[in-house]
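As a plain string of letters, each chain reads:
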Amino acid sequence: MNTARLHQQYLLCSGADTDTRKIRKDSMFFALKGANFDGNTFAAQALLEGARYVVVDDKRFALDKEEYIYVDNVLDTLQKLARYHRDYLNIPILAITGSNGKTTTKELLDTVLSRKFKTAATKGNLNNHIGVPLTLLSMDNQTEFGIVEMGANHPLEIEFLCKIANPDYGYITNFGKAHLEGFGSLQGVIKAKTELYSYLQEKKKMIFLNVDDEIQRKHLNYSHTFGFGEREDANIQVKYTKGVSLAQVFYNQTVFKSQLTGQYNSTNMAAALSIGLYFKVEFEEIRKAMDSYNPTNNRSQVIEHNSNTIIMDAYNANPTSMHAALENFRNIKTEKKKIAILGDMFELGSAAPAEHQVIVNYIENSDFNETYLLGDNFKITETGSNFIFKFNTIEDLKLHLKESRHENCYFLIKGSRGMALERVLESITEESKKD
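Note that the structure is a prediction, hence the values are computed from the model and not measured. Within any chain, residue numbers begin from 1 and follow the written order of that chain's sequence. pLDDT decides what is reported in this predicted model: residues at 70 or higher carry local features, side-chain atom pairs at 80 or more are listed and counted, and totals for whole chains, interfaces and linings draw on all residues regardless. Water and hydrogen atoms play no part in the side-chain values, which are based on all heavy atoms of the structure.

Let's talk about the pairing of strand β16 (residues 308–313)
Using a 1.4 Å probe on the protein chains alone, a residue whose accessible area is under 20% of its type maximum counts as buried, one over 50% counts as exposed, and one in between counts as partly exposed. A helix here means a DSSP run of H or I that spans at least four residues, while a strand means a run of E at least two residues long, and both kinds are numbered starting from the N terminus. Most of β16 sits out of view: six of its six residues are buried. The sheet contact formed by strand β15 (residues 301–305) and β16 spans five bridges and is antiparallel. Considered in β16, the bridge of histidine 305 is made with asparagine 308. The hairpin turn running from β15 into β16, its antiparallel successor, is two residues long, and asparagine 306 in that turn takes a positive phi close to 50°. Whether two strands pair comes down to DSSP finding at least two bridges between them. In the sheet, β16 pairs with strand β20 (residues 409–414) via five bridges, with the strands oriented parallel. When the bridges of β20 are listed, isoleucine 310 appears paired with phenylalanine 411.

As structure tokens, this is what we get:
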């Protein structure tokens, strides 16, 4: 199937779908394959659910009807169509990647830029070789500005995603110890993430830089950069306020406040502020956008319940983000009892035991009243502390939280997505209701 011809058919559709449980009327269904499923087998169901066309790559399911589109490889076709659609729309695209904070930064940017443009941005964390094409295909003739989040867990993935999205602008949030199993080391992470900057340099496109980050400063010799940070050579010079529970940034005699917990989120705010100013979003509109943004999906959320305060940051974790969350928690000034609830960090490969031990060592030298650890890697760590408790299962931890009478406490909940630590929240709020 010729991509240009397929695109003409796509323009008749309401969007691209890959899940028959979420089919939109008149969408184009792409029959992708996974480890445990074959989308081709759901093609007929997609049409019954309302799809206009189905794209398949198995002739057994390619009926001789107009609504069936047979291709050699559905995934490859999806990616080529997305690139074609991106070129067809010819709108500015800003790509974001990084080890930590890319989704929060993306959402902040979307909130800020939408004050001036009709934006379209990555939904949730659909940031891989499937999510990026779907993000591009979600844009239409009304879209004025696209924001594309790019994730990676192995080398050359960002480079590949750039070839699909062809970004005009790019920003890397930071470089941390994430996905070490795929990257091998922190240097491997840096090399992989900066594939975005290399692509932009080759195309002579704009790079947004955090000039306080020494790794990013190495790109200042490239002519098309726009930097922010506390350094005097920043295009947008900001100040970060320390010792506050919610992130904020000071710029041009104005405090930009947020509902995001953690000093580490101040950099994400500064990035959105600076990029917003670059695109000439009104100063006051940026301030309002920052203040109105409310984090969701267990990312840097602050929950107040009766006498307890809960920092819910359980969407994901790696050694860098875990340490940042713990350091922020340590610096919070409160009379409340501090309790950290931590789950394993995934995708660390052979570095996992050592990285989990580093976290435990940090906790031993902190002022937390109690720490509850869950997961196979935390289980094998060594500690002599009487205030660090290990739990074999999530049910054991939930039972302990229900039976303990925690009042006037400050909780930090942090762990990798696979740990699903948000499940303990109900136990905390239930037990706080007891008479």
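Back to the text.
Quick look at helix α8 (residues 186–193)
Buried within α8 are the following residues: Gly188, Val189, Ile190, Ala192 and Lys193. Pairs of residues are marked as contacts when any of their non-hydrogen atoms sit within 4.5 Å. For α8, the elements touching its buried residues are β5 (93–97), α6 (157–165), β8 (169–172), α7 (180–183), α9 (195–202) and α10 (214–217).

Side note on the confidence of the model for the chain
Regions with low pLDDT should not have their predicted coordinates read in detail. Each residue carries a pLDDT score, the predictor's confidence in it, ranging from 0 to 100. With 98% of its residues at a pLDDT of 70 or more, the chain has an overall mean of 92. Here residues 431–435 scores under 50 on pLDDT; set against residues more than four positions off or in separate chains, the count is 16 contacts.

What to know about the pairing of strand β17 (residues 337–343)
For β17, the buried fraction is high: six of the seven residues fall into the buried class. Taken together, the six bridges between β17 and β20 define a ladder with parallel strand orientation. Paired with alanine 340 across the strands is leucine 412, a residue of β20. With the strands pointing away from the viewer, any crossover whose connection runs clockwise from the first strand over the helix to the second is right-handed. Read as a crossover between parallel neighbours, the route from β17 over helix α14 (residues 352–364) to strand β18 (residues 370–374) is right-handed.

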